[in-house]
Amino acid sequence: MDTAAITSAWVAGWTVSRGTAPAVVEPWGWRIDVGLPTHVFRHVLPAPDAVSVGKLCQEITVPGAWLKIMAGPEESAEWITPGWTVPDDPGYMMSKTLDPGARPPAPEGYARTTETRDGVIRVRIVAPDGTLAARGQMAPTGVTAVADQIETHPDHRRRGLGANVMRTLEAAAAQTGATTGILAATRDGLALYDSLDWRYECPLTGIVREA
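Given the structure is predicted, the values throughout are model-derived calculations rather than measurements.

Caption draft 1: Structural view of the pattern of salt bridges. Tallied over the entire structure, the rule returns six salt bridges. In this structure, glutamate 170 and lysine 96 form a salt bridge, with 2.9 Å as the shortest nitrogen-oxygen distance. With glutamate 170 in helix H4 (residues 161-174) and lysine 96 in strand S6 (residues 91-97), this pair connects stretches of sequence that are 74 residues apart. On the accessibility criterion, lysine 96 (14% relative accessible area) is buried. A salt bridge links glutamate 201 to arginine 199; the shortest N-O distance between them is 3.0 Å. Glutamate 201 sits in the partly exposed class, given a relative accessible area of 22%. A relative accessible area of 47% means that arginine 199 is categorised as partly exposed.

Spelled out as structure tokens, the structure:
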């Protein structure tokens, strides 16, 4: 898949995962109304450049507005105008051919649940004391599925729980007919996804309008 196709699939799956209204097509990409105080809306640009990014930065004055662009943070920082900032957390768009047989057994000593609600597959791993140890979700939208909000509690890291969540989601999404997984990785999550054979596709940088 090329960058435009991956971005389009990611936008479609992300809106389902987060329960927002469908993305609105714009000349530069897509607009998603998120509706949170610190994340009011986002514009997603699959082919950003100095002109398109600079124009949006000049026109948008709402604090908590975001741009998500398929470019590296150093390049992005050269395009923004005063009032915008590039957080120090580069992103990485990744993809993988999904395996319907990837689902592992639940981790020893933990309980795992898988449920699908509102088109989103959700996996939770609970510790023996009943607290949430790890979680994640995946939104299939046809042949692609977007993994989102993959989290492991600090007290339960280095025990394979993140990998268990990801493989369980992968198998469940593949069984719906999805063949390609897509996700936006943070720097902290990159090692996990690399170990599970996710492939780097392009950079992803978030740019936020400050108050």
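Caption draft 2: Broad picture of the nonpolar core. Grouped together as the largest cluster of nonpolar side chains are 27 residues, with contacts concentrated most on Met94, Leu98, Met138, Met166, Leu183, Tyr193 and Trp198. Broken down by secondary-structure element, the contributors of at least two residues to this core are S6, strand S8 (120-126), strand S9 (132-141), strand S10 (144-152), H4 and strand S11 (180-185). Per element, the largest residue contribution to this core is eight residues, and it comes from H4. Setting aside residues no more than four positions away along its own chain, methionine 166 makes contact with Ala147, Ile150, Leu183, Leu192, Tyr193, Leu196 and Trp198. Trp10, Val11, Trp14 and Val44 belong to the second largest nonpolar core, which has 15 residues in total.

Caption draft 3: Here's a closer look at the packing of aromatic side chains. Summed over the entire model, instances satisfying the criterion amount to two aromatic pairs. Geometrically, the ring pair formed by tyrosine 92 and tyrosine 200 is edge-to-face, given 6.3 Å between the ring centres and 65° between the ring planes. Placement of tyrosine 92 in strand S6 and of tyrosine 200 in strand S12 (residues 199-209) is noted, with a sequence separation of 108 residues between them. An angle of 65° between the planes, with centres 6.5 Å apart, marks the rings of tyrosine 193 and tryptophan 198 as edge-to-face. We note arginine 31 situated over the ring of phenylalanine 41; from NZ or CZ to the ring centre the distance is 4.1 Å.

Caption draft 4: Representation of H4 in the model. Spanning 14 residues, H4 covers 20 Å between terminal C-alpha atoms, matching the ideal 20 Å at 1.5 Å per step. In terms of burial, H4 is a largely internal element, 13 of the 14 residues being buried.

Caption draft 5: Structural view of the environment of glutamate 201. By the element assignment, glutamate 201 lies in strand S12. Distance from glutamate 201 to arginine 117, taken between C-alpha atoms, is 29 Å for residues 84 residues apart in sequence. Those residues in contact with glutamate 201 that sit more than four places away from it in its chain are Met1, Ile6, Met93, Met94 and Ser95. Side-chain polar atoms of glutamate 201 contact the side chain of arginine 199, separated by 3.0 Å.

Caption draft 6: Representation of the side chain of serine 76. Inspection of the secondary structure puts serine 76 in helix H3 (residues 73-79). With a relative accessible area of 0%, serine 76 lands in the buried category. Setting aside anything within four residues of it in sequence, one finds serine 76 in contact with Ile69, Ala71, Val86, Thr205 and Ile207.

Basis of the calculations
Residues numbered from 1 in each chain as written. Predicted model: local features only at pLDDT ≥ 70, side-chain atom pairs only at ≥ 80, totals over all residues. Heavy atoms only, no water. Salt bridge = Lys/Arg side-chain N within 4 Å of Asp/Glu carboxyl O. Helix = DSSP H or I, 4+ residues; strand = E, 2+ residues; numbered from the N terminus. Buried < 20%, exposed > 50% of the residue type's maximum accessible area, 1.4 Å probe, protein only. Core = buried A, V, L, I, M, F, W, Y, C linked by side-chain atoms within 4.5 Å. Contact = heavy atoms within 4.5 Å. Phe/Tyr/Trp six-rings, centres within 6.5 Å; stacked < 30°, edge-to-face > 60°. Lys NZ or Arg CZ within 6 Å of the ring centre and 35° of its normal. Expected span 1.5 Å × (residues − 1). Polar contact = N/O pair within 3.5 Å; in protein donor to acceptor, adjacent residues only side chain to side chain.

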